[in-house]
Amino acid sequence: EVISAEFKKAGSTVVLIEAPRTSAFLPDLKVIREQLQSIHALIKSGKILSATAVRHGGVGHALARMIFGNGIGVALINAPASDFFVPCYGSMLLEVNAISDLGNLPHRVLGKTTVAAEISWPRAAISVEKMIAAHEGVLESVFPTRATEPEETPSKTNPINSTRLPFVASNL
């Protein structure tokens, strides 16, 4: 079973499965492996609608990736914390129908998916349109993502439209 990262429907619960750290502040791989096995079983049983790994951009970046896919927003319970964009390798964001589906899997509820195409929290919101424009606009002048119409129409001297025979080199 494979699922994708984008949110699937409004009204789902969004949870964070945090990767525990050792005393050396490294991910506790033994516990993470157990968490991932539980997540895999929940995916196979259809209880997880979407999931994504939290990477270098932290929870904020992972949420943006989930929103961009289908334009389904999320209403966060609390304002983003200071660690919202801090890398959290090994952690996972999940979209689930019900929190009870997670059983004993440790999690933190972040909010609910919404029809409104935005990420919101008490007294603030950012539209998906603005987030995508900021995300794609950074390198648009260097790596264009949209084709533009040519400024000129092809002329009759264009080799593609020419009636002249092509030059053919011959062996002498």
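See the structure printed just above.
Please read all numbers here as calculations on a predicted model, not as lab measurements.

1. What to know about the overall build of the chain
- Looking only at helices and strands, the chain features three helices and seven strands.
- Along the chain, helices (α) and strands (β) appear in the sequence β-α-β-α-β-β-β-β-β-α when read from the amino end.
- When the 172 residues of the chain are sorted by exposure, 30% land in the buried category.
- Looking at the chain alone, contacts between residues at least 24 apart form 80% of all its contacts between residues at least 6 apart.
- Surface exposure of the chain reaches about 11500 Å², of which carbon and sulfur atoms provide 59%.

2. A closer look at the layout of surface pockets
- Taken as a whole, the largest pocket encloses approximately 300 Å³ of empty space.
- Lining the largest pocket we find 17 residues, and of these Ala81, Asp83, Phe84, Arg108 and Leu110 sit closest to its centre.
- Considering each element in turn, the lining of the largest pocket owes the most residues, three residues, to strand S5 (residues 108-114).
- The class makeup of the residues in the lining of the largest pocket is 13 nonpolar, one polar and three charged.
- Together, 13 residues line the second largest pocket, and Gly60, His61, Ala64, Phe85 and Met131 are the ones closest to its centre.
- When residues in the lining of the second largest pocket are grouped by element, the largest group, four residues, is from helix H2 (residues 58-70).

3. As for the packing of aromatic side chains
- Summed over the entire model, instances satisfying the criterion amount to one aromatic pair.
- Seen from their ring centres, Phe84 and Phe85 are 5.1 Å apart, and the 80 degrees between their planes marks the pair as edge-to-face.

4. As for the pattern of salt bridges
- Within this structure, the stated rule accounts for two salt bridges.
- Ionic pairing is found between Lys8 and Glu6, a salt bridge with its closest N-O pair at 3.9 Å.
- Using a relative accessible area of 24% as the deciding quantity, one classes Glu6 as partly exposed.
- The salt bridge partner of Arg108 is Glu18, with a shortest N-O separation of 3.5 Å. Of this pair, Arg108 sits in strand S5 while Glu18 sits in the loop between strand S1 (13-17) and helix H1 (29-44); the two residues are 90 residues apart in sequence, bridging distant segments of the chain.

5. Considerations on the packing of H2 against helix H3 (residues 128-137)
- It is the contact of H2 with H3, at a shortest axis distance of 11 Å, that shows an interaxial angle of 110 degrees. One finds that H2 runs roughly perpendicular with respect to H3. Relative to H3, the crossing made by H2 is left-handed. Contact residues: H2 offers His61, Ile67 and Phe68, while H3 offers Val128, Met131, Ile132 and His135.

6. Details of the nonpolar core
- Counting residues in hydrophobic clusters, the biggest one holds 20 residues, and the most contacted among them are Phe7, Val59, Leu63, Val74, Leu76, Leu93 and Ile119.
- Taken together, the elements giving at least two residues each to this core come down to S1, H2, strand S3 (73-76), strand S6 (118-121) and H3.
- If you tally residues by element for this core, the top one is H2, at five residues.
- When neighbours within four sequence positions are excluded, Val59 is seen to be in contact with Leu16, Val54, Phe84, Leu93 and Leu110.
- If you look at the next biggest cluster of nonpolar residues, it comprises twelve residues, including Leu42, Ile43, Val96 and Leu105.

Reading the values: the criteria
Residues numbered from 1 in each chain as written. Predicted model: local features only at pLDDT ≥ 70, side-chain atom pairs only at ≥ 80, totals over all residues. Heavy atoms only, no water. Helix = DSSP H or I, 4+ residues; strand = E, 2+ residues; numbered from the N terminus. Buried < 20%, exposed > 50% of the residue type's maximum accessible area, 1.4 Å probe, protein only. Contact = heavy atoms within 4.5 Å. Areas by Shrake-Rupley, 256 points an atom, 1.4 Å probe, with all protein chains shown as cover. 1 Å grid on protein atoms, 1.4 Å probe; cavity = no way out; pocket = protein on both sides within 12 Å on 5 of 7 lines; lining within 4 Å. Points joined across faces, edges and corners; volume = space filled by probe spheres on them. Nonpolar A, V, L, I, M, F, W, Y, C, P; charged D, E, K, R; others polar. Phe/Tyr/Trp six-rings, centres within 6.5 Å; stacked < 30°, edge-to-face > 60°. Salt bridge = Lys/Arg side-chain N within 4 Å of Asp/Glu carboxyl O. Axes fitted to C-alpha atoms, helices over the stretch in contact; angles between N-to-C directions. Parallel < 35°, antiparallel > 145°, perpendicular 65-115°, else oblique. Left-handed = near helix turned anticlockwise from the far one by under 90°. Core = buried A, V, L, I, M, F, W, Y, C linked by side-chain atoms within 4.5 Å.

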